[in-house]
Amino acid sequence: MIGDLMPETISVQCCIAGGGPAGMMLGLLLARAGVSVLVLEKHADFLRDFRGDTLHPSTLEIMYELGLLERFLRLPHQKVPKINARFGELEFTLADFSHLPTRCRYVAFMPQWDFLNFLVEVGSQYATFHVRMSAEVTNLIEDGSSVVGLCAETPSGPLEVRTTLVVGADGRHSIVRKRAGFSVEEFGAPMDVLWFRLSRKPGDPADPMGRFDTGRIFIMLNRGDYWQCGFVIAKGSLGELRAQGLPLFRESVAKLAPFVSDRVQELQDWEPIKLLTVQVDRLRQWYKPGLLCIGDAAHAMSPVGGVGINLAIQDAVATANLLWQPLRDGRVTEAELAKVHSRRVWPTNITQRVQLIVQNRLIRQVLDSKVQLQPPNALRLLARFHFLRRIPARMIGLGVRPEHVRTPVG
Ligand SMILES: Cc1cc2nc3c(=O)[nH]c(=O)nc-3n(C[C@H](O)[C@H](O)[C@H](O)COP(=O)(O)OP(=O)(O)OC[C@H]3O[C@@H](n4cnc5c(N)ncnc54)[C@H](O)[C@@H]3O)c2cc1C
């Protein structure tokens, strides 16, 4: 029947592809400011694999500015006021958040699905906020050189959305940026990361840890009753590691963190050990008429510093601040989109530069090392002069050019 093939058609002022941190935060802020907004998320729920559970002091500040902090912090989370590291034999605190000029002087660890569900719950209080789960964006609708909407597949059939602005917040493998034909600058990375869990026992340390040893980097994040572990490997070397066998892998983990040697047997096969292929890139231009990309869709971040979620949220706040009024007026010019790009490209650029320096100088050197590691001078200074820990704390906890909520309610 022809009727069955007719797509459902919806009109909204802003349609966001992707319900990750960037998309959900933007959806909430715009709806709160009276803009009719639809977020399309391809998954049926947010309960997916680990993809970063860090909420930085600057994100918590945004929650405060929205009047949500107290309610938000009632959700289960762990507070991390400092990050410790060991480089060869040198143990030191890499970042100490206790001096930041923010209400929360710690990184909160909370499962990303709790955070996203919270944003949806708050957004749902506004009549202009709409979310469609299991809605996979497949294409853009263009009129001449302007984007005027998008197409999605849903369980009930095809969906067509007509809108003043499409926002691509669909992550590092963004279909929106592909369909828009945006040109991408790739920066490369010397490493990939294997993520897995090990149980946590009473008496284990509380703070997160980073261990740098000959040819190895190991990160452990305290998640209450388990450790979220990140084992950094040279890019493309997973096949070799697997060929060497799981017992050797377990042995390496136990050597890096001897207090979990009684638990490495929990890794019975490779299945629960997930590979994050590290990708660092940035769109040369984040917009074209009727379309803007933000978050990982505009710039996939290196895991160095764990700042991807924070940047995605900062992009969302800046976008809402600059575009809520034009969206309410029903017209967003290219010049207004360019303002979002130029506001956010600078902090992104600086953050990625720092990440690339750490990746290409420090991480590459550690992964290539065959003999006992000697800490670089910068780390020795950090270990010696405590006030220097405030620099990485600021970079990680606040980031460059932190944004503040300027959108109105209603
Ligand atoms: C294993 C892992 C660990 C990480 N650890 C950290 C960390 O500790 N700290 C940190 O800050 N960052 C971390 N990151 C990075 C962080 O997850 C991202 O930087 C951040 O989530 C970016 O937010 P985003 O909203 O831009 O994109 P995403 O979080 O990727 O969200 C994009 C959303 O779009 C949806 N989507 C994709 N395609 C479509 C489509 N066609 N139609 C509809 N929806 C679509 C996806 O399902 C997803 O929900 C990690 C990433 C991974 C993979």
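(A) Inspection of the site of the ligand at higher detail. The environment of the ligand is made up of 31 residues, and the closest members are Glu 41, Arg 51, Thr 54, Asp 296 and Ile 309. Here His 43 contributes a side-chain N or O atom positioned 2.9 Å from an oxygen atom of the ligand. Here an oxygen atom of the ligand and a backbone polar atom of Asp 296 are 2.8 Å apart. Of all the secondary structure elements, the ones that give two or more residues to the shell around the ligand are helix 2 (21-32), strand 9 (136-143) and helix 9 (308-329). Per-element tally for the shell around the ligand: the top contributor is helix 9, with three residues. By residue class, the composition of the shell around the ligand is 13 nonpolar, eleven polar and seven charged.

(B) Structural detail: helix 2. With twelve residues, helix 2 ought to run about 16 Å at 1.5 Å a step, and its terminal C-alpha atoms sit 16 Å apart, in line with that. Taken across its twelve residues, helix 2 has twelve buried, putting it largely inside the fold. What helix 2 keeps buried is the set Pro 21, Ala 22, Gly 23, Met 24, Met 25, Leu 26, Gly 27, Leu 28, Leu 29, Leu 30, Ala 31 and Arg 32. Positioned one or two residues after helix 2, Gly 34 has a phi angle of 90 degrees, which is positive.

(C) Quick peek at the pattern of salt bridges. On inspection of all chains with the given rule, the structure shows 19 salt bridges. For Arg 263, the salt bridge goes to Asp 204, with nearest N and O atoms at 2.6 Å. Remark: Asp 204 occurs in the loop between strand 13 (191-199) and strand 14 (209-213) and Arg 263 occurs in the loop between helix 8 (246-256) and strand 17 (274-276); sequence separation between them is 59 residues. By the burial criterion, Arg 263 is buried, and Asp 204 matches it. Where Arg 344 meets Glu 403, a salt bridge forms, and the shortest distance between an N and an O atom there is 2.9 Å. Residue Arg 344 is located in helix 10 (residues 334-368), and its partner Glu 403 is located in the segment after helix 12 (390-397); the two are separated by 59 residues in the primary sequence. Here the salt bridges do not stand alone but share partners, grouping Lys 201, Asp 204, Asp 262 and Arg 263 into one network.

(D) Region of interest: the side chain of Arg 32. By secondary structure assignment, the location of Arg 32 is in helix 2. Among buried Asp, Glu, Lys and Arg side chains, Arg 32 stands out as unpaired, with Glu 65 the closest opposite charge at 8.7 Å. Polar contacts involving the side chain of Arg 32 include one to the main-chain carbonyl oxygen of Thr 407, which spans 3.3 Å. Apart from the residues lying within four places of it in its own chain, the contact partners of Arg 32 are Glu 65, Leu 66, Tyr 126, Val 405, Thr 407, Pro 408, Val 409 and Gly 410.

(E) Region of interest: the sheet that holds strand 3 (residues 54-55). A sheet is described by the order of its strands in space; here three strands give the open sequence 3-7-4, paired in antiparallel fashion. At either end of the open sheet lies a strand with only one pairing partner, and these are strand 3 and strand 4 (78-80).

(F) Structural view of helix 3 (residues 57-65). Where burial is concerned, most of helix 3 is hidden: seven out of the nine residues are buried. Positive phi shows up at Gly 67, right after helix 3, with a value of about 75 degrees.

(G) Structural detail: the sheet that holds strand 5 (residues 82-87). In space, the seven strands of this open sheet follow the order 6-5-14-15-16-13-17, with mixed pairing throughout. Each edge of the sheet is formed by a strand with only one pairing partner; in this case those strands are strand 6 (90-96) and strand 17. Averaged over all pairs of adjacent strands, the angle between strand axes in this sheet comes to 20 degrees, irrespective of strand direction. For strand 13 and strand 16 (residues 226-234), the ladder comprises nine bridges, and the chain directions are antiparallel. Bridge pairing in strand 16 links Val 193 to Val 232.

(H) How the structure looks around the packing of aromatic side chains. With the rule as written, the count across this model stands at ten aromatic pairs. Taken together, a centroid distance of 5.7 Å and an interplanar angle of 70 degrees make the contact between Phe 72 and Phe 115 edge-to-face. In this pair, Phe 72 sits in helix 4 (residues 69-72) while Phe 115 sits in helix 5 (residues 112-123), placing the two residues 43 residues apart along the sequence. For the pair Phe 72 and Phe 115, a shared accessibility class is recorded, and that class is buried. Clustering of aromatic rings is evident, with ring pairs tying together Phe 196, Phe 218, Phe 231, Phe 249 and Trp 270. Over the aromatic face of Tyr 226 sits the side chain of Arg 197, whose NZ or CZ is 3.9 Å from the ring centroid. Between Arg 200 and the ring centre of Trp 227, over which it is positioned, the NZ or CZ distance is 5.3 Å.

Conventions adopted
- Residues numbered from 1 in each chain as written.
- Predicted model: local features only at pLDDT ≥ 70, side-chain atom pairs only at ≥ 80, totals over all residues.
- Heavy atoms only, no water.
- Near = heavy atom within 4 Å.
- Polar contact = N/O pair within 3.5 Å; in protein donor to acceptor, adjacent residues only side chain to side chain.
- Helix = DSSP H or I, 4+ residues; strand = E, 2+ residues; numbered from the N terminus.
- Nonpolar A, V, L, I, M, F, W, Y, C, P; charged D, E, K, R; others polar.
- Expected span 1.5 Å × (residues − 1).
- Buried < 20%, exposed > 50% of the residue type's maximum accessible area, 1.4 Å probe, protein only.
- Salt bridge = Lys/Arg side-chain N within 4 Å of Asp/Glu carboxyl O.
- Lys, Arg positive; Asp, Glu negative; His and termini not counted.
- Contact = heavy atoms within 4.5 Å.
- Pairing = 2+ DSSP bridges.
- Axes fitted to C-alpha atoms, helices over the stretch in contact; angles between N-to-C directions.
- Phe/Tyr/Trp six-rings, centres within 6.5 Å; stacked < 30°, edge-to-face > 60°.
- Lys NZ or Arg CZ within 6 Å of the ring centre and 35° of its normal.

Note that all results are geometric; they support no functional claim without further evidence.
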